[in-house]
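What follows is the residue order along each chain.
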Amino acid sequence: MSAALEIRGLEKRFGATRAVDGLDLVVPAGELFALLGPNGAGKTTTLRLAAGLLAPDAGSIRVAGHDVAADPLAAKRVLAFLPDEPQLYAKLRPLEYLAFVAGLWGLEPGVAQARARDLLALLGLEGTVNDPVETYSRGMKQKLVLAGALLHDPAVMILDEPLTGLDAAAARLVKDLLAARAASGRTVILSTHILEVAERVATRLAIVSHGRVVAGGTMADLRAGSDRTLEDIFLELTREAP
Amino acid sequence: MSARPASLGFLVAFEARLAWRRVAGDRRRIAIAALVLFWLGLHAAAFQGLAGLRTEAFARVPMAVFGATTLFFAFAMLATAFGLAAHGLFERRDLDLVFAAPVPSRTVWAARTIAAAAAVAAFPAYFGLPFAHAAAWHGEPRMLAAYPAVAALAILSSALALLATLALVRLAGARRARVLAQVLGAIVGAAVFLAFQAHAFLPESLRAAFGAWMASPAGMSWVGDASPLWVLARALGGELLPLAGLVATAAAAFALAVRGAARAQAMGALEAFRANPPRGAGGSGRPVRFGRSIARAVVAKEWRLVARDPRAILHTLLPLLYLSPLLIAGLRRGEGAALMAPSVVVLAGFLAGGLAWLAASGEEAPDLLAGAPVRPSRLVGLKAASACLPAAAVALPFIVLEALREGGMPFVFAACLAGSIGSSALVQIAGAEPGARRDLARASQPGRWTSIIEHLGAAGWGFACWGALSGSAWGWAGLGIGLFSPLVARLARPSTA
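Here the structure is a predicted model, which is why all the values come from computation and not from measurement.

A. Molecular detail of the overall build of chain B. The secondary structure content of chain B amounts to 21 helices and zero strands. Expressed as a percentage of its 497 residues, the buried residues of chain B come to 41%. Taking contacts inside chain B between residues at least 6 apart in sequence as the whole, the part at least 24 apart equals 81%.

B. Main features of the nonpolar core. Among the nonpolar cores identified, the biggest contains 138 residues, and Leu151, Ile158 and Ile189 of chain A together with Ala348, Ala352, Ala356 and Cys465 of chain B are the most heavily contacted of them. A per-element tally of this core places helix α16 (residues 335-360) of chain B first, with 16 residues. The residues touching Ile189 of chain A, leaving out its near neighbours within four places in the chain, are Leu5, Val27, Phe33, Leu35, Val156, Met157 and Ile158 of chain A. In this structure, Val108, Leu236, Phe254 and Ala261 of chain B belong to the second largest nonpolar core, which totals 69 residues.

C. Molecular detail of helix α7 (residues 146-172) of chain B. Residues and elements named next belong to chain B. The terminal C-alpha atoms of α7 lie 37 Å apart, and with 27 residues this matches the ideal 39 Å at 1.5 Å per residue to within 8%. The element α7 is extensively covered by neighbouring structure, given that 19 of its 27 residues are classed as buried. Positive backbone phi, at 90°, marks Gly173, one or two positions downstream of α7.

D. Spotlight on the packing of helix α18 (residues 376-404) of chain B against helix α19 (residues 410-430) of chain B. Residue and element names in this part refer to chain B. The contact between α18 and α19 brings their axes to 9 Å, and the two run at 155°. Of the possible angle classes, the one that applies to α18 and α19 is roughly antiparallel. In this structure, α18 meets α19 at a crossing whose hand is right-handed. Where α18 approaches α19, its residues Val380, Lys383, Ala384, Ala387, Cys388, Ala391, Ala392, Ala395, Ile399, Glu402 and Ala403 are matched on the opposing element by Pro410, Phe413, Ala414, Leu417, Ile421, Gly422, Ala425, Leu426 and Ile429. Its residues assigned to classes, the contact of α18 with α19 shows 17 nonpolar, one polar and two charged.

E. Structural view of the interface of chain A and chain B. Taken together, the contact pairs 39 residues of chain A with 36 residues of chain B. Among the secondary structure elements, those contributing two or more residues to the side of chain A that touches chain B are α2 (72-77), β6 (79-82), α3 (94-104) and α4 (109-122) of chain A. Here the side of chain A that touches chain B takes seven residues from α3 of chain A, the largest share from any one element. Grouping the amino acids of the side of chain A that touches chain B by side-chain chemistry returns 21 nonpolar, 10 polar and eight charged.

F. Molecular detail of the pairing of strand β3 (residues 32-36) of chain A. Residue and element names in this part refer to chain A. With five of five residues buried, β3 is to be regarded as a mostly interior element. Pairing of β3 with strand β8 (residues 187-191), which is carried by four bridges, proceeds in the parallel orientation. Residue pairing in the sheet places Leu35 in a bridge with Ser191 of β8. Note that β3 and strand β9 (residues 204-209) share four bridges and pair parallel. Of the residues in β9, the one forming a bridge with Ala34 is Leu205.

G. Highlighting the confidence of the model for chain B. All names here are of chain B. For chain B, the mean per-residue pLDDT works out to 81, and 84% of the residues sit at or above 70. In the model of chain B, helix α13 (residues 271-274) stands out as the element of lowest mean pLDDT, 50, in contrast to α7, which has the highest, 93. Scored below 50 in pLDDT, residues 434-444 makes 25 contacts in the model with residues more than four places away or belonging to other chains. Overall fold confidence (pTM) sits at 0.71, and the ipTM for the predicted complex is 0.80.

H. Here's a closer look at the packing of α7 of chain B against helix α12 (residues 240-266) of chain B. All names here are of chain B. Relative to each other, α7 and α12 sit at 35°, their axes nearing to 8 Å. For the pair α7 and α12, the crossing hand works out as left-handed. Contacts from Pro148, Ala149, Ala152, Leu153, Ile155, Leu156, Ala159, Leu160, Leu162, Leu163, Leu166 and Val169 of α7 reach α12 at Leu243, Leu246, Val247, Thr249, Ala250, Ala253, Phe254, Leu256, Ala257, Gly260, Ala261 and Ala264. Grouping the constituent residues of the contact of α7 with α12 by class yields 22 nonpolar, two polar and no charged.

I. A look at the pairing of strand β4 (residues 58-63) of chain A. All names here are of chain A. Looking at chain direction, strand β1 (residues 5-14) and β4 are connected through five bridges and run antiparallel. Its bridge partner lying in β4, Ile7 is registered against Ile61. As paired strands, β4 and strand β5 (residues 66-67) are joined by two bridges and run antiparallel to one another. Note that in β5 the partner of Arg62 across the bridge is Asp67. Between β4 and β5, which follow one another and run antiparallel, lie two residues, and Ala64 among them has a positive phi close to 50°.

J. Geometry of unusual backbone geometry. Residues and elements named next belong to chain A. Unusually for a residue other than glycine, Asp153 sits at a positive phi of about 45°. One can find Asp153 in the loop between α5 (138-150) and β7 (156-160). Within the chain, Glu161 stands out as a residue other than glycine whose phi angle is a positive 50°.

Parameters and conventions
Residues numbered from 1 in each chain as written. Chains lettered and ligands numbered in written order. Predicted model: local features only at pLDDT ≥ 70, side-chain atom pairs only at ≥ 80, totals over all residues. Helix = DSSP H or I, 4+ residues; strand = E, 2+ residues; numbered from the N terminus. Buried ≥ 20, exposed ≤ 12 C-beta atoms within 10 Å, placed from the backbone. Contact = placed C-beta atoms within 7 Å. Core = buried A, V, L, I, M, F, W, Y, C linked by C-beta atoms within 7 Å. Expected span 1.5 Å × (residues − 1). Axes fitted to C-alpha atoms, helices over the stretch in contact; angles between N-to-C directions. Parallel < 35°, antiparallel > 145°, perpendicular 65-115°, else oblique. Left-handed = near helix turned anticlockwise from the far one by under 90°. Nonpolar A, V, L, I, M, F, W, Y, C, P; charged D, E, K, R; others polar. Pairing = 2+ DSSP bridges. pLDDT = per-residue confidence, 0-100.

Dropping the structure here:
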């Protein structure tokens, strides 16, 4: 069985800045995978490259076996990407937004509509379906974007800082939802700067620094028999040279 | 020498820097060079044009012509000021930053009003002052009164717009006031245009009656040299009393506006807009249709967004408003009817360009589109179609009129129309600002260069239409401009990192 995400020798520059520098990463299917790293480490760029939003300067990316460069549409069909800021149309209503997403992914209308209503109910948004998105709080917007991402039941979800701006209850709901997806054989890849979240919910982790993966595996792999916390390991691996 | 921090001068300089960057974008040197060169050219034209005139010739220019022109510019300035007032009060997200600083709020509002006045004055000053300079050179130094007159008029416009917008805040609340102020500004601008067009589309009998009234003593009291309507023109022409009156009125309005804005801000009247609008006001909500078609999804989304955004509606409806006199002219016979087709070609291009700008540069979820399994070129095509279809639908009755007109050339008209609509949409899409404008409310207006190219392209197609209909070879020049405008827009687009 192919990996959910397979990245080899990935490089991306922005002018003189090397955002991703020969990054290798393999995420097996059915994992809840956390990508950690300090600010500017290259997490967001890596995720945007994996989602086909940016073109790499070098290297290859395969999503569920599909080469993102050679067959981007096939890769995108099985993929969902959530940016760090929820991007929504302020003047649309939730169901209109989801209908648009369903159209983009070419979903069967009846199935999409039923699934949209289920997702809105699951995420606690059913009481506000007639309100324009501009009236939503940040947490509600994040939930709606998540509903859009789940609409086509993607095999691989890539989420950039999905818990930012959520209150405790909403964060818990999202974490449970993502864990349930991983348990059902789907793959969830998220970036987060909250180490505690990564330590508690992720089945595998990778730590990125200066555009490369500097450590990866399960929490047990990272501890390597010691009793160090993830924070200790993270700080040690990402410490800047004096 | 730089202004003392937190002083009025400091704040005005900061506003000026922001405004200049908004206008010139990344190509400041090119913009300065182009503006200076064009201004010198305007001076040359003005000096040449006025060279033959002498003092007595100036005196022979009917006050009605001078006065009406001045009124036209004054209302245009007021229309611009309304947009700037709404922008300054509601759309700039720096109020918390500025008012958290140890600066008196009246100083802040004074700086913003002065900056708005400078923006309002920029256009008439840029195009009008060369003629004032030329007139002064040719023996009419009183025309230099244009300096204080335009400045006072700009201050007055900005202050009146700010006061009116604050009144709207009190009457309708901050959220509605923003929309109402923009609508009011647009109506003021369009009303002036339509008023000046009114004579052209009045029925013959009414025109004759109006002419007779104008020649009567009652009419002369309104349009004669002594008419109170021309007081602004007299101020501009250097008459001391009207000029002093204008300056005093502007100063009083400025003081009132600054005081009113500071008070409204202190009372929290402007806060409502910054909070999220209340939920639960969405109504019952019509059932939403899910469909498989990507084309339907994209076009429906774009049209919904336009229909629900007051600024977008304004952007769309204004060209339609300007089309209405042409429709009337088209229904009649004569010279006006012959000019209908080229004018419609230009305005339909503007309409398509405006819609394409909203679709391309106003995209709020670029990552969603980039992550969807749809070819980017297809999405661009669908966005262009969503802009072109309404413009084509609006233009359709005019094609029918042209077909019914004796000697009309509906196919030529339709071809130029298609060219204008298509090239305007392509210009806006090709010149779309890199990166997303995540909020249409924040996206103030299309990029200046893109707008200029789009307008030139549409005008080129209009010229081509006129050339084809009248048999003039100059139409080919218009065709060339129209055809190449999308390419120029693509080349002029700022490069991305």
